[in-house]
Amino acid sequence: MEDLVIAQGINKRFASGIEALRDIDLSIARGQFVSIVGPSGCGKSTLLRLIGDLLEPTAGTISVFAKTAHQARLDQDYGMVFQHPGLFDWRSVAANIELPLELHDWTKANRSARSAAMLELVRLEEFGGHYPRQLSGGMQQRVSIARALSFKPRLLLMDEPFGALDALTRERMQLDLAQLRSSDHRTVLFITHDFGVVADIADKVAVMQEGRIVETGT
Ligand code: ADP
Ligand code: MG
């Protein structure tokens with residue numbers, strides 16, 4: 001299978017002197033759901049940020065879709081979801097979901113159809129005209145996921161996307177993710193400190209500890 005993401009020999013040392021990543025090798029094949037699991041502070045977000053070109057490695061190479069991480073980011077070919085929804089307050093829910101589509105030059109008619117379909121996917125059909133502040137944290141996070149999926153990215157990078165949710169909502173979202181996963185075999189990198197989250201969904205799990213991948217299971 002073709003690898004969409006390849007990280008080889010990655011080290012990351014911050015200016016503070018902290019060595020957040022050491023000797024990281026990771027590949028993500030097309031259609032794979034790969035999870036990185038490990039305790040807080042072990043370097044998970046740093047690795048995701050390197051793949052998303054929000055940081056540069058101190059050593060090693062990263063390729064995304066056979067391009068540099070930088071070029072892949074410029075080409076906007078993946079969606080990202082973080083712990084906090086990061087929605088724009090002044091845009092309605094539907095307009096938030098349509099933002100990436102505007103950036104990808106979709107027509108207005110196509111944008112509306114797509115945001116309606118995405119709202120249905122995350123079970124927020126009734127809320128397209130609402131504003132983010134009118135939604136609960138869990139609903140906002142679902143909008144954030146709908147936004148990341150809206151432009152049909154080949155790859156989804158998710159960094160503890162359910163981390164800020166209450167336990168009940170988190171459980172619900174995990175079920176949703178599992179369902180989404182079975183209906184749509186998108187390539188996903190999913191980061192979490194919660195070992196229970198991904199056991200049933202992931203094709204491959206990389207366990208991290210103190211900046212290293214210490215175990216990989218499939
Ligand atoms: P995780 O996501 O697994 O909780 P992080 O990747 O956020 O871990 O952090 C790994 C280590 O790198 C931690 O020791 C953290 O304090 C440090 N770190 C993260 N970002 C920065 C930064 N921008 N500058 C300096 N140190 C950082
Ligand atoms: Mg993190």
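Residues numbered from 1 in each chain as written. Chains lettered and ligands numbered in written order. Predicted model: local features only at pLDDT ≥ 70, side-chain atom pairs only at ≥ 80, totals over all residues. Heavy atoms only, no water.

**Notes on the packing of helix H3 (residues 93–103) against helix H5 (residues 137–150)**
Worth spelling out the cut-off: Only the stretch in contact is used when a helix axis is fitted, and all axes are lines through C-alpha atoms; the angle between N-to-C directions ranges over 0 to 180 degrees. Where helices and strands are cited, they refer to DSSP runs of H or I of at least four residues and of E of at least two residues respectively, numbered from the N terminus. Throughout this description, any angle smaller than 35 degrees is read as roughly parallel, any larger than 145 degrees as roughly antiparallel, any in the 65 to 115 degree range as roughly perpendicular, and the remainder as oblique. By definition, any crossing whose near helix is turned counterclockwise from its far helix by less than a right angle is left-handed, and any crossing with a clockwise turn is right-handed. Only heavy atoms matter for contacts: two residues are in contact if any of them lie within 4.5 Å across the pair. As a working rule, the residues Ala, Val, Leu, Ile, Met, Phe, Trp, Tyr, Cys and Pro are called nonpolar, Asp, Glu, Lys and Arg charged, and the rest polar, with Gly in that last group.
Viewed as axis vectors pointing N to C, H3 and H5 meet at an angle of 25°, and their least axial separation amounts to 7 Å. As judged from the angle between their axes, H3 and H5 are roughly parallel. Like other packed secondary-structure pairs, H3 and H5 cross with a definite hand, here right-handed. Residues Val93, Asn96, Ile97, Pro100 and Leu101 of H3 lie in contact with H5, whose contacting residues are Val143, Ala146, Arg147 and Ser150. Taken together, the residues of the contact of H3 with H5 sort by class into six nonpolar, two polar and one charged.

**Notes on the site of ligand 1**
Our working rule: Only heavy atoms are used to decide nearness, and a residue is near a molecule or strand if one of them lies within 4 Å of it. Throughout this description, a polar contact denotes any pair of N or O atoms lying within 3.5 Å of each other; where both atoms belong to protein, one of them has to be capable of donating a hydrogen while the other can accept it, and for residues adjacent in sequence the pair is counted only when both atoms sit in side chains. Method for areas: the Shrake-Rupley scheme with a 1.4 Å probe, in which residue coverage is limited to the protein chains shown.
Taken together, Phe14, Ser16, Ile18, Ala20, Pro39, Ser40, Gly41, Cys42, Gly43, Lys44, Ser45 and Thr46 make up the full set of residues adjacent to ligand 1. Gly43 places a polar main-chain atom, nitrogen or oxygen, 3.1 Å from an oxygen atom of ligand 1. Lys44 places a polar side-chain atom, nitrogen or oxygen, 2.8 Å from an oxygen atom of ligand 1. Bound to the protein, ligand 1 loses 61% of the 560 Å² it would expose on its own. If you tally residues by element for the shell around ligand 1, the top one is helix H1 (residues 44–51), at three residues. In the shell around ligand 1, the residues fall into five nonpolar, six polar and one charged.

**Considering the nonpolar core**
Rule in force here: Throughout, nonpolar core names a set of buried Ala, Val, Leu, Ile, Met, Phe, Trp, Tyr and Cys residues whose side chains join them through atoms within 4.5 Å. Buried, partly exposed and exposed residues are distinguished by accessible area as a fraction of the type maximum, computed with a 1.4 Å probe on protein chains only: under 20%, between the cut-offs, and over 50%, respectively.
One finds Phe33, Met158 and Phe190 to be the most contacted residues of the largest nonpolar core, which totals 30 residues. For this core, the secondary structure elements donating two or more residues are strand S3 (33–37), H3, helix H4 (108–121), H5, strand S7 (155–159), helix H6 (167–183), strand S8 (187–192) and helix H7 (195–198). The element that contributes the greatest number of residues to this core is H5, accounting for six residues. Formed by 28 residues, the second largest nonpolar core is a distinct cluster that contains Ile24, Ile36, Ala72 and Met208.

**Details of the packing of aromatic side chains**
We count it as follows: Classification of ring pairs rests on two measures: the distance between centres of Phe, Tyr or Trp rings, Trp counted by its six-membered ring, which must be within 6.5 Å, and the angle between planes, read as stacked under 30 degrees, edge-to-face over 60 and tilted in between.
A complete count under the given rule lists three aromatic pairs for this structure. Grouped by ring-pair contacts, the aromatic residues Phe33, Phe162 and Phe190 constitute a single cluster.

**Some words on the sheet that holds strand S1 (residues 3–13)**
Each strand in a sheet pairs with its neighbour through backbone hydrogen bonds, running either in the same direction (parallel) or in the opposite one (antiparallel). Selection rule: At least two DSSP bridges between two strands are needed for those strands to be called paired.
Read across the open sheet, the four strands follow the order S2-S1-S4-S5; overall the sheet is antiparallel. Of all strands in the sheet, those bounded by a partner on one side alone are strand S2 (19–29) and strand S5 (67–68). In this structure, S1 lies alongside strand S4 (residues 59–64), joined through five bridges in antiparallel fashion. For Ala7, the partnering residue across the bridge sits in S4 and is Ile62. Here H1 sits on the sheet in contact with S1, S2 and S4, set at roughly 60° to S2.

**Topic: H3**
Here H3 lies mainly inside the structure; eight of its eleven residues are buried. Those residues of H3 lying buried are Val93, Ala94, Asn96, Ile97, Glu98, Leu99, Pro100 and Leu101. A positive phi of about 60° marks Asp105, the residue just after H3.

**Some thoughts on the side chain of Gln32**
Of note, Gln32 is situated in the loop between S2 and S3. Of the polar contacts made by the side chain of Gln32, one reaches the backbone nitrogen of Ala29; its length is 2.9 Å. Here Gln32 is in contact with Ser27, Arg181, Arg186, Thr187, Val188, Asp203 and Lys204, once residues within four sequence places are set aside.

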